[in-house]
Amino acid sequence: MIKQLKHTLKHTWLFPRYIGLVHMLPALEQARTYVSGTMLDIGCGRRQYQPIFEQKVDRYIGVDWPVSLEHATPDTVADALHLPLPHSIADTVLATELMEHLPEPHLFLAEVARVLKPGGIFILSVPFLEPLHEEPRDFFRFTPYSLRILLEQHGFTVEQIWRRGGWGSVVIGSLVSKALYDWANPADAAGVRRNLGVRVVLTLPLCALIQFVGYSLDRFVSTSKYTLGYVVVARQTTN
């Protein structure tokens with residue numbers, strides 16, 4: 001029951017990192033216009049973005065290396081750095097919030113380039129100003145400049161880059177709400193949090209309010225220096 005409640009909360013403002021999802025969804029909706037054919041969702045997790053794309057593609061294949069089936073429901077269990085898939089199998093590859101957890105991003109991008117057909121589309125999202133998560137496997141943060149260089153080195157041309165929020169979303173919506181939640185429900189040395197308690201139940205509505213305030217402030221404080229992360233659409237131009 002507790003696990004189901006936590007999963008439900010992740011899709012509401014009550015979840016302390018929901019603000020990242022609020023900015024992710026509109027970008028993926030716009031990226032949807034680029035997709036076609038066979039789509040690989042690498043690091044698919046619980047396939048939360050499949051409903052956005054499945055009507056635009058002929059086949060949707062989830063790929064992941066799950067710790068447990070509670071965390072991922074892939075069609076193919078595989079290491080993202082060594083995909084057991086043939087060359088040029090996909091028209092579209094999706095990888096959301098994955099590359100920061102991979103110790104060798106170059107190897108991953110080479111694999112994406114290998115499994116994509118010439119002219120294929122790669123949709124990638126990465127964090128920038130986000131707290132550490134899924135420790136200790138949290139290795140990198142990326143700027144738009146590093147993303148362009150990395151992608152170009154592997155034969156991609158960047159079509160679009162979207163920022164996920166601005167100053168308000170980062171400083172107030174993300175960092176303040178996450179710090180408040182960490183105070184109310186601290187994790188142990190293994191990263192495991194206690195079950196929801198009275199302190200957490202009282203704190204979550206405040207987290208929701210803080211995130212909404214931060215999200216709203218982005219309309220009044222315009223800056224490109226602060227963002228939670230980026231969503232990129234790139235096209236495979238060499239193979």
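Residues numbered from 1 in each chain as written. Predicted model: local features only at pLDDT ≥ 70, side-chain atom pairs only at ≥ 80, totals over all residues. Heavy atoms only, no water.

### Topic: the overall build of the protein
Within the protein, the secondary structure is distributed over seven helices and seven strands. Ordered by position in the sequence, the α and β elements of the protein form the string α-α-β-α-β-β-β-α-β-α-β-α-α-β. Taken over C-alpha atoms, the radius of gyration comes to 18 Å for the protein, in line with the 18 Å a tight globule of 239 residues would show. In terms of its C-alpha atoms, the protein occupies a principal-axis envelope of roughly 55 × 40 × 35 Å. In the protein, buried positions account for 48% of the 239 residues. Residue pairs at least 24 apart in sequence account for 73% of intrachain contacts in the protein once pairs closer than 6 positions are excluded. Across the protein, the 23 positively charged side chains and the 22 negatively charged ones have centroids separated by 5 Å. (Helix = DSSP H or I, 4+ residues; strand = E, 2+ residues; numbered from the N terminus. Rg over C-alpha atoms; globule rule 2.2 N^0.38 Å. Buried < 20%, exposed > 50% of the residue type's maximum accessible area, 1.4 Å probe, protein only. Contact = heavy atoms within 4.5 Å. Lys, Arg positive; Asp, Glu negative; His and termini not counted. Charge placed at Lys NZ, Arg CZ, Asp CG, Glu CD.)

### Some details on unusual backbone geometry
Cis geometry marks the peptide bond from Glu-135 to Pro-136; its omega dihedral reads 5 degrees. Phi at Ser-88 takes a positive value of approximately 55 degrees, unusual for a residue other than glycine. Position of Ser-88 relative to the elements: it lies in the loop between strand S3 (76–77) and strand S4 (90–96). Not every positive phi belongs to a glycine, and Glu-97 is a case in point at roughly 50 degrees. Looking at the secondary structure, you find Glu-97 in the loop between S4 and helix H4 (105–115).

### With respect to the environment of Leu-14
As for its placement among the helices and strands, Leu-14 is situated in the loop between helix H1 (2–9) and helix H2 (18–31). Given a relative accessible area of 30%, Leu-14 falls into the partly exposed group. Sequence separation between Leu-14 and Lys-178 is 164 residues; the distance between their C-alpha atoms is 11 Å. Here Leu-14 is in contact with Leu-9, Leu-204, Pro-205, Cys-207 and Ala-208, once residues within four sequence places are set aside.

### Overview of the side chain of Asp-138
Among the secondary structure elements, Asp-138 is positioned in the loop between strand S5 (116–127) and helix H5 (144–153). Polar side-chain contacts of Asp-138 include one of 2.9 Å to the backbone nitrogen of His-133. Looking at Asp-138, its side chain comes within polar contact range of the side chain of Arg-141, at 2.7 Å. Excluding residues within four positions of it along the chain, Asp-138 makes contact with Glu-100, His-101, Pro-131, Leu-132 and His-133. (Polar contact = N/O pair within 3.5 Å; in protein donor to acceptor, adjacent residues only side chain to side chain.)

### Overview of the packing of helix H6 (residues 167–184) against helix H7 (residues 198–217)
Remark: H6 packs on H7, axes separated minimally by 7 Å, with the N-to-C direction vectors making an angle of 175 degrees. Our classification of the angle between H6 and H7 gives roughly antiparallel. Between H6 and H7, the residues in contact are Trp-167, Gly-168, Ser-169, Ile-172, Gly-173, Val-176, Ser-177, Leu-180, Tyr-181, Trp-183 and Ala-184 and Arg-199, Val-200, Thr-203, Leu-204, Leu-206, Cys-207, Ile-210, Gln-211, Gly-214, Tyr-215 and Leu-217, respectively. Class assignment for the residues of the contact of H6 with H7 results in 14 nonpolar, seven polar and one charged. (Axes fitted to C-alpha atoms, helices over the stretch in contact; angles between N-to-C directions. Parallel < 35°, antiparallel > 145°, perpendicular 65-115°, else oblique. Nonpolar A, V, L, I, M, F, W, Y, C, P; charged D, E, K, R; others polar.)

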